[in-house]
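Residue-level listing of the chains:
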Amino acid sequence: MSRPTRLEIDLDAVRHNVAHLGAVAGAPVCAVVKADGYGHGAVAVARAALDAGAVWLAVALVEEGVALREAGIDAPLLLLSEPADADLPALLEAGLTPVVYRPGFIAALAAEVRSRARGPLGVHVKADTGMGRVGARPAQWEQVLRAVADAPELVVDGLLTHLACADDPTAAGEATTREQLAGFDRFLALATQLGIRPRWVHAANTAGLLRFPDARRGLVRPGIGIYGLSPDVEVVAADHGLRPALRLVSAVSYAKHLPAGTPVSYGHRWRTPADGWVATVPVGYADGVPRALTNRGQALLGGVRRPIAGTVTMDQLLLWCGDDEPRIGAPVVLLGTQGDEQLPVEEWAAHADTITYEIVTQLTARLPRHHLG
Ligand SMILES: *Cc1c(COP(=O)(O)O)cnc(C)c1O
C-alpha cells in the first residue's frame, strides 16, 4: 500500500539515547520496550538498544516477550509484572525473567519450573516502597524474600522497586523519592541479612536516573527517555541531551480555496478567517492524533507551522494555509522536524492535557512503522 501517512523511527536516535542514558547513569541499561516499544516498534527498538549497549530489555506482558523471542532476540528479558498462572508455561518457554512479589505466584512459578525439571530460574523480587501498585509491602518483604530463597527451583537474580514521583520537582515530590530510596535500602539490607546476594539492583525509571543520582544503583530502567521524550513537562528531554526518535508524516491529499467565513469539518467549530486555502491531510484520530488537537494543534507544511482547522476526524484533518496554495502530495509533518521547524510530542501532550507516554502508545497499528538508520 502507498498511504503517505506513516511513522518514521530514527534508530540512530534510539542508539544515541540508550548510550547517553547509560553514560549519565554510569550503570548498565535495561531498555523498557513494553507496549510495542512505546509505539515505536518493539523489535527494532530492542535491537537498536542492544546495539547501543543495553544489557537487559523489559516488557509488561508475556506476549510482548514472546514476540521479541520470535524475532530472534535472545538478550535477558525482564517481565515487569506477575502474569496469570496460565501464562507460566509461555513465560518459561520464552526464557523470560519474571519480577515477583506474591507468595502465591512464587509457589506457582516454582511448581512450574519443577514440573519441567529445569535448573533454577532467576527472578527479580520487587518491593513496593511507595508506588502503591505492584510489589510487596514492607510487612511482606521477609516472607517474599524467603519464599524465593527457600525454593530450590528459584534464585534471586535481582531486587527492584519503582518510583512514583521521580518527575515531580516539588519539595514534596523529591521527599517522596528520597523516602522511597531509603525504603529500598532497608529492603536491600534485609535481603543481605537473609544471605541474598543479587546480581542486579535497580530502581530508576527515566526521571529517576536523570534527577536522582542515588536512584541509579547497579542497573537503570529507562523507557520514555530511550525514545527521546520527556517524562513530564518539568523534565525536558532535549535539556538532558536526548533526541526524539519519531516522526509522523503524511501528505496533502486535497486542497480548496474558500471564501472568508466558510465553516469546515464536523460541528462547524471553525471558519476561515479570510479568503484562503484549506488543505486536507489523510490522518486522524483512528491513527492516534488526539481529537483534542481540534482548533489547537499545528502541522508543518512547506516548513511552516499551519493551524489545524476545525474538528480532527477519524481519518482526516484540515490545515489552514491562508494565501499559500498547497500542492497535492506536498509532505506534511505532524510530529518531528521539517526544515528548521519541529513539532514535539510534548506539544501534543500539552494540547491533549496528557503525557508523552499516552500520545505515543496511542499511535495505532494502522500507521505503518518505517525504521531508519
Ligand atoms: C514503564 C516502567 C519503566 C520505564 O519508565 P519510564 O518513565 O518510561 O522511564 C521502568 N520500570 C517499570 C517498573 C515500569 O513499569
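Bear in mind that the values here come from a model prediction, so they are computed numbers and not experimental data.

(A) Quick look at the layout of surface pockets. Here the largest pocket is characterised by a volume of approximately 490 Å³. What lines the largest pocket is a set of 25 residues, and nearest its centre among them are K34, Y38, R133, H162 and N205. Counting only elements with at least two residues in the lining of the largest pocket, the list comes to α2 (34–38) and α9 (206–211). Residue composition of the lining of the largest pocket, grouped by class: 15 nonpolar, 5 polar and 5 charged.

(B) Seen up close, the sheet that holds strand β17 (residues 317–322). Ordered by their spatial adjacency, 3 strands build an open sheet running β11-β14-β17, and the pairing between neighbours is antiparallel. Only two strands of the sheet have a single partner each, and these edge strands are β11 (254–258) and β17. Pairwise comparison of adjacent strand axes, ignoring direction, gives a mean angle of 25 degrees for this sheet.

(C) Broad picture of the sheet that holds strand β9 (residues 219–220). The parallel open sheet is built from 8 strands, whose spatial order is β2-β3-β4-β5-β6-β7-β8-β9. On the outer flanks of this sheet lie β2 (30–32) and β9, each paired with one strand and no other. Where strand β7 (residues 154–160) lies against strand β8 (residues 200–204), 3 bridges are found, and the strand directions are parallel. Within the sheet, the bridge partner assigned to L160 lies in β8 and is H202.

(D) Examining the pattern of salt bridges more closely. Counted according to the given criterion, the structure contains 20 salt bridges. Its salt-bridge partner being D128, residue R137 comes within 2.9 Å of it at the nearest N-O pair. Across the salt bridge formed by R146 and E142, the nearest N and O atoms sit 2.7 Å from each other. Of this pair, R146 and E142 both sit in helix α7 (residues 141–149), 4 residues apart, which is roughly one turn of the helix. For R146, a relative accessible area of 39% gives the class partly exposed. Among the charged side chains, a network of salt bridges with common partners joins R3, D287, D315 and R366.

(E) The arrangement of the side chain of T294 in detail. Along the chain, T294 falls in the loop between β14 (276–281) and β15 (298–301). Looking at T294, the relative accessible area reads 14%, which means it is buried. Residues within four places of T294 in sequence aside, it is in contact with R269, G310, T311 and V312.

(F) Representation of the packing of helix α1 (residues 11–25) against helix α3 (residues 42–51) in the model. One way to put it is that α1 packs onto α3 with a least axis distance of 8 Å and a crossing angle of 45 degrees. Overall, the two elements α1 and α3 adopt an arrangement that is oblique. Taken as a pair, α1 and α3 cross one another with a handedness that is right-handed. Side by side, α1 and α3 meet where L11, V14, R15 and V18 of the first sit next to A44, V45, A48, A49 and D51 of the second. For the contact of α1 with α3, a count of residues per class yields 7 nonpolar, no polar and 2 charged.

(G) Fine view of the packing of α7 against helix α8 (residues 171–193). Put simply, α7 and α8 touch, their axes get as near as 10 Å, and they point 45 degrees apart. Judged on the interaxial angle alone, α8 and α7 are oblique. Crossing of α7 over α8 shows right-handed handedness. Every residue of α8 that contacts α7 at W141, E142 and L145 is listed here: G183, R186, F187, L190 and A191.

(H) Quick peek at the environment of L229. Mapped onto the elements, L229 comes out in the loop between β9 and β10 (246–251). On the basis of relative accessibility, which here comes to 3%, the residue L229 falls in the buried class. The spacing of L229 and P344 is 115 residues in sequence and 8.6 Å in space, taken between C-alpha atoms.

(I) View of the nonpolar core. The biggest cluster of nonpolar side chains holds 118 residues, and the ones touching the most others in it are V125, L154 and L319. Contacts of L319, omitting those with residues within four sequence positions, involve W277, V278, A279, V281, A299, L301, R306, P307, I308, A309 and V332. Formed by 7 residues, the second largest nonpolar core is a distinct cluster that contains L258, V264, V278 and W320.

(J) Region of interest: the packing of aromatic side chains. Summed over the entire model, instances satisfying the criterion amount to 6 aromatic pairs. Plain terms: the ring middles of F184 and F187 are 6.3 Å apart, the flat faces sit at 25 degrees to each other, and that makes the pair stacked. Of this pair, F184 and F187 both sit in helix α8, 3 residues apart, which is roughly one turn of the helix. The class of F184 is buried, set by a relative accessible area of 0%. Residue F187 is classed as buried on the basis of its relative accessible area of 1%. Both rings, one in W270 and one in W320, keep their centres 5.6 Å apart while their planes meet at 55 degrees; by these two values the pair is tilted. Of the two residues, W270 sits in strand β13 (residues 270–271) while W320 sits in strand β17, which places them 50 residues apart along the sequence.

The rules behind each value
Residues numbered from 1 in each chain as written. Predicted model: local features only at pLDDT ≥ 70, side-chain atom pairs only at ≥ 80, totals over all residues. Heavy atoms only, no water. 1 Å grid on protein atoms, 1.4 Å probe; cavity = no way out; pocket = protein on both sides within 12 Å on 5 of 7 lines; lining within 4 Å. Points joined across faces, edges and corners; volume = space filled by probe spheres on them. Helix = DSSP H or I, 4+ residues; strand = E, 2+ residues; numbered from the N terminus. Nonpolar A, V, L, I, M, F, W, Y, C, P; charged D, E, K, R; others polar. Pairing = 2+ DSSP bridges. Axes fitted to C-alpha atoms, helices over the stretch in contact; angles between N-to-C directions. Salt bridge = Lys/Arg side-chain N within 4 Å of Asp/Glu carboxyl O. Buried < 20%, exposed > 50% of the residue type's maximum accessible area, 1.4 Å probe, protein only. Contact = heavy atoms within 4.5 Å. Parallel < 35°, antiparallel > 145°, perpendicular 65-115°, else oblique. Left-handed = near helix turned anticlockwise from the far one by under 90°. Core = buried A, V, L, I, M, F, W, Y, C linked by side-chain atoms within 4.5 Å. Phe/Tyr/Trp six-rings, centres within 6.5 Å; stacked < 30°, edge-to-face > 60°.

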